[in-house]
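So the chains spell out like this:
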Amino acid sequence: MNDSIHGGGTSSGKDDSPVPHQPVLYHEVLEALSPSSGRDYLDGTLGAGGHAEGILIASAPHGRLLGIDLDLEALTIARQRLMVYGDRVIIDQASYQNAPEILKRIGWRHVNGILLDLGVSSMQIDQPERGFSFMKEGPLDMRFNQSAGSSAAELVNTLNEKQLADILWKFGEERFSRRIARAIVAARPLHSTEELANLVQRAVPGYEPHLHPATRTFQALRIAVNQELQVIAEALPRLLDCLAPGGRIAVISFHSLEDRIVKEAFRRESRDCICPPEQPVCTCNHTATIRLMSRKPVTATEREILENPRSRSARLRVAEKIEQAQSLQG
Ligand SMILES: C[S@@+](CC[C@H](N)C(=O)[O-])C[C@H]1O[C@@H](n2cnc3c(N)ncnc32)[C@H](O)[C@@H]1O
């Protein structure tokens, strides 16, 4: 279920400068969104702009793209990369949760395609000062937006033992959650990734092969720091409302917790009735607003996994806005 079981991400080689993020399921995303000229697209997790660039190339000469990310450094890289596309691109620092407000502000009524490539980028993992990796000594930060919200250090140093154990259990499915939480509380204050990684290593009894003992703890803290699961669940219905009739949404998730939320949200919105199955008569008045493009998620080919091991856990789900649903809403 983890996105980083082989050491917390990719390595940038000899120095610690971030390498451009290699977009996963690139061709599959472009096939799913089939961008074309004159249409508008939203990339809600712009990162280094790899997928976004593909969308802009495929939608030349008149396709437009709104790219959003919480991470200022990623936006600087993406801005540089996408500069050549001029006024076909708008870039903003925000959560994809707030995309509807941004679209309204820039005067785009709907978009014809939406991409969410969830989670952390290899650029972020490769930067020790961001605190995402247990393999690199750095401050316990883990925030996508470094100027807002509580850092991982604030969480580990202020939450009580039960709250910490709950986070490790719920967001990391860490079976030694209580043991690790107890060790954290006994050892704090903790300031660095190395301190935390070593503490976890000492606290857990055995080793799973190929899995660093701190993998689940780091994943859980990152999800808690950025409230990732809550944001996806709240954002999906809002984003579906922004899709034009016939428009598609593509979501790439990297672990089962995320994928479950996407699957449930898509399933719910693709049904005409969402009453409990035991209820004999429908009272919900719900109508399907999307059509699922496939029941099973799309996964990376063996070749992509060989070239980019991070793609191994990627799951792509795609849905299409039903034409009638949009016109019914007006
Ligand atoms: C896997 S990377 C995306 C990579 C991108 N598709 C590319 O081709 O380079 C995920 C990005 O999502 C961003 N992110 C995570 N949560 C976000 C949120 N709620 N709103 C906006 N961006 C978010 C992260 O900062 C990170 O840059």
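Residues numbered from 1 in each chain as written. Predicted model: local features only at pLDDT ≥ 70, side-chain atom pairs only at ≥ 80, totals over all residues.

Colleague: It is not clear to me how the domain arrangement of the protein should be interpreted in this structure. Could you clarify?
Modeller: For an interface, size is often stated in terms of accessible area lost upon the parts coming together. Annotation of the protein at the domain level lists domain 1 (26-120 + 228-329) and domain 2 (133-226). Using only C-alpha atoms to locate each centre, domain 1 and domain 2 end up separated by 30 Å. Taken together, the residues that form the side of domain 1 that touches domain 2 break down as 4 nonpolar, no polar and 2 charged. (Domains from an automatic or database assignment. Nonpolar A, V, L, I, M, F, W, Y, C, P; charged D, E, K, R; others polar.)

Colleague: What am I meant to see in the site of the ligand here?
Modeller: In the vicinity of the ligand, 23 residues are found, and the nearest of them are Pro23, Thr45, Gly47, Gly50 and Asp117. Going through the elements one at a time, α2 (50-58) and β2 (64-69) are the ones with two or more residues in the shell around the ligand. Split by residue class, the shell around the ligand holds 8 nonpolar, 12 polar and 3 charged. (Near = placed C-beta within 6 Å. Helix = DSSP H or I, 4+ residues; strand = E, 2+ residues; numbered from the N terminus.)

Colleague: Teacher, can you tell me more about the sheet that holds strand β1 (residues 40-43) here?
Modeller: What links the strands of a sheet is backbone hydrogen bonding, and the strands pair in either a parallel or an antiparallel sense. Spatially, the 7 strands line up as an open sheet ordered β3-β2-β1-β4-β5-β7-β6, and their pairing is mixed. At either end of the open sheet lies a strand with only one pairing partner, and these are β3 (89-93) and β6 (290-292). Across the sheet, the mean angle from the axis of one strand to that of its neighbour is 15°, orientation sign disregarded. The sheet contact formed by strand β5 (residues 243-253) and strand β7 (residues 315-321) spans 6 bridges and is antiparallel. When the sheet's bridge partners are listed, Val251 is paired in β7 with Arg317. The sheet contacts of helix α1 (residues 26-33) involve β1, β4 (111-117), β5 and β7, and relative to β5 the element is tilted by about 165°. (Pairing = 2+ DSSP bridges. Axes fitted to C-alpha atoms, helices over the stretch in contact; angles between N-to-C directions. Contact = placed C-beta atoms within 7 Å.)

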